[in-house]
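Observations on the model geometry
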Amino acid sequence: KLIKRQHSNMSEQISTQDIEDLINSQKRWCTEKSCNDTVKFYQLHLFLCVGENTNLQWPKAAASMLDITQHIKDFNKENPLSLKTKMTICDLPILGYEGIDIIGFKDNSPGFRITNVTEDNLGEVWDFLENNNEMGLEVRALEKQHHIFVCCHMNKDKRCGVCGTKVYEDIKARIEAEDLDIEIAKMSHVGGHKYAANIIVYPPGNWYGYINPEISDVLLDNLPEFKGPGPGPLEQYYRGSMGINKKKSKIIKVKRNRNPNLADISKKLLIGLLIWLIALSLAHIKYG
């Protein structure tokens, strides 16, 4: 049985006008303040699944919502993993018969789910995370090709709660309408609420800020092309990636700038060809 702690709730009614005003405000802010290179270096991301549609119940310090999630957070402090680890609450369903589930991503891998995580087997969970030893645990592969996590932590920041929820709803509707091979979830605060709406795409672990419904469509259209860390077509909205520190991020950015995409190259070649044909025509007219 999961033991819930008592917390205040900020699930106030938000008007349609409030939602539009916040989204438009974030759109303007995006043009003034870059969100590039705003992700602190990490190598492993653990999502603690606490059940669907629970985000309005998450307190400001989301891990304190349940005794088990708080215990996992404390256990991690006392027994830090060798990989730089980020831990976040999410509202994906609990598939086990006791405790909670943990979903994890590292090394641009498809990810894994550990079910039936309790206070009694955290030692075994940490052994799996360090040494890939599954003995005594129920570990399964994730069913979907991609996972999108959207910060919808209302009790942390209203911008996340409002902008994030709108983006989440729009992406979820399109996933269901088109039967896309994507799992979407609401997550707790991951830093940078001023960049709301914030989303993370796994794999490969790319972070994006200032996302609005229009930009989320661009993201979904290009998701199959995401083979590794990097902004894809969303340079302006790219915050960083798992496993990439600021130094490496700058190197990747320089390489991108030195290697324009094929569309840009084709456009330049076409313009050059047209200029050459015009010049040839003019010369033919002039000299007969």
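This one's a predicted model, so the numbers in the text were calculated from it and none came from an experiment. In this numbering scheme, every chain counts its residues from 1 along its sequence in written order. Totals for whole chains, interfaces and linings use every residue, but because this is a predicted model, local features are given only for residues with pLDDT of at least 70 and side-chain atom pairs only at 80 or more, for both listing and counting. Side-chain metrics rest on all non-hydrogen atoms present in the structure, leaving aside hydrogens and water.

This part covers the overall build of the protein. Helices and strands together make up the secondary structure of the protein, namely seven helices and 10 strands. Here the term buried applies to any residue with accessible area under 20% of the maximum for its type, exposed to any over 50%, and partly exposed to those in between, with areas from a 1.4 Å probe on protein chains only. The proportion of buried residues among the 288 residues of the protein is 43%. Here the analysis covers contacts within the protein between residues at least 6 apart in sequence; of these, 71% occur between residues at least 24 apart. Surface accessibility in these figures is a Shrake-Rupley result with a 1.4 Å probe; residues are shielded only by whichever protein chains are displayed. Accessible surface computed for the protein: about 15600 Å², of which carbon and sulfur atoms make up 52%. Under the scheme used here, helices are H or I runs from DSSP no shorter than 4 residues and strands are E runs no shorter than 2 residues, and both carry numbers assigned from the N terminus. Any two residues having at least one pair of non-hydrogen atoms within 4.5 Å are treated as being in contact.

For the rest of this paragraph, the subject is the packing of aromatic side chains. In summary, the pairing rule links any two rings of Phe, Tyr or Trp, Trp by its six-membered ring, whose centres are within 6.5 Å, and it sorts them by plane angle into stacked for under 30 degrees, edge-to-face for over 60 and tilted for everything else. Counted by the stated rule, this structure contains 11 aromatic pairs. For the ring pair tyrosine 208 and tyrosine 238, a centre distance of 6.0 Å and an interplane angle of 55° mean the geometry is tilted. Taken together, the residues tyrosine 208 in strand S9 (residues 206–208) and tyrosine 238 in strand S10 (residues 238–241) connect sequence positions 30 residues apart. Using a relative accessible area of 5% as the deciding quantity, one classes tyrosine 238 as buried. Through pairs of rings, three or more aromatic residues link up here, namely Phe47, Phe105, Phe149 and Tyr202.

Next up on the list: the nonpolar core. Think of a nonpolar core as a cluster: buried Ala, Val, Leu, Ile, Met, Phe, Trp, Tyr and Cys residues, connected wherever their side-chain atoms sit within 4.5 Å. Ranked by size, the top nonpolar core spans 46 residues in total, and within it Phe47, Ile148, Phe149, Ile199, Tyr202, Tyr208 and Leu219 carry the most contacts. Elements with a contribution of two residues or more to this core: strand S1 (44–49), strand S3 (100–106), strand S6 (146–151), helix H4 (158–178), strand S7 (182–187), strand S8 (199–202), S9 and helix H5 (213–222). The element contributing the most residues to this core is H4, with six residues. The residues touching tyrosine 202, leaving out its near neighbours within four places in the chain, are Tyr42, His45, Phe47, Phe105, Gln145, His146, His147, Phe149, Trp207 and Met242. Listed in part, the 24 residues of the second largest apolar core include Val50, Ala62, Met65 and Phe75.

Another point: the pairing of S3. Of all seven residues that make up S3, six are buried, and the element is covered over most of its length. Pairing between strands requires that DSSP locate at least two bridges from one strand to the other. Here S1 runs beside S3; their pairing, made up of six bridges, is antiparallel. Looking across to S3, one finds that cysteine 49 is bridged to aspartate 101. Examined bridge by bridge, S3 and strand S4 (residues 112–117) share four bridges and lie antiparallel to one another. Paired with isoleucine 103 across the strands is arginine 113, a residue of S4.

Among the residues of helix H3 (residues 122–131), those classed as buried are Leu122, Val125, Trp126, Phe128 and Leu129. One face of H3 carries all of its buried residues, which in axial projection span an arc of 155°. Looking at the buried residues of H3, the elements they touch are S1, helix H2 (67–78), strand S2 (85–90), S3, S4 and strand S5 (138–141). Once H3 finishes, asparagine 132 follows within two positions and takes phi at roughly 60°, a positive value. The directions considered for the arc run from the helix axis to the C-beta atoms.

Here we come to the pattern of salt bridges. In a structure, side chains of opposite charge can pair up when their charged atoms sit close to one another. Just to be clear on terms, a salt bridge is a Lys or Arg side-chain nitrogen sitting within 4 Å of an Asp or Glu carboxyl oxygen. Considering all chains together, one arrives at seven salt bridges under this definition. For glutamate 176, the salt bridge goes to lysine 172, with nearest N and O atoms at 3.3 Å. Note that glutamate 176 and lysine 172 are positioned in helix H4 at a spacing of four residues, about one turn of the helix. One salt bridge connects arginine 174 with aspartate 217, and the closest N-O pair in it is separated by 3.2 Å. Of the two residues, arginine 174 sits in helix H4 while aspartate 217 sits in helix H5, which places them 43 residues apart along the sequence. Among the charged side chains, a salt-bridge network with shared partners connects Arg174, Glu178, Asp217 and Asp221.

Let us look at the packing of H4 against H5. Each packed pair of helices is defined by two parameters, the angle between the axes and the distance between the axes. Axes here refer to lines fitted to C-alpha atoms; in helices the fit is confined to the stretch in contact. Angles between the N-to-C directions go from 0 to 180 degrees. Packing of H4 against H5 leaves a shortest axis separation of 10 Å and a crossing angle of 40°. Comparing their axes, H5 and H4 come out oblique. In this structure, H4 crosses over H5, and the sense of that crossing is right-handed. Judged by residue contacts, Lys166, Val167, Asp170, Ile171 and Arg174 of H4 engage Pro213, Ser216, Asp217, Leu220 and Asp221 from H5. Roughly parallel means an angle under 35 degrees; roughly antiparallel, over 145; roughly perpendicular, 65 to 115; everything else is oblique. Crossings are sorted by hand: turned counterclockwise from the far helix by less than a right angle, the near helix makes the crossing left-handed, and turned clockwise it makes it right-handed.

Packing of H2 against H3 leaves a shortest axis separation of 11 Å and a crossing angle of 55°. Taken together, H2 and H3 sit at an angle that is classed as oblique. Like other packed secondary-structure pairs, H2 and H3 cross with a definite hand, here right-handed. Contacts between H2 and H3 involve His71, Ile72, Phe75 and Asn76 from the former and Leu122, Gly123 and Trp126 from the latter.

Geometric descriptors of this kind do not, in isolation, establish any biological role.
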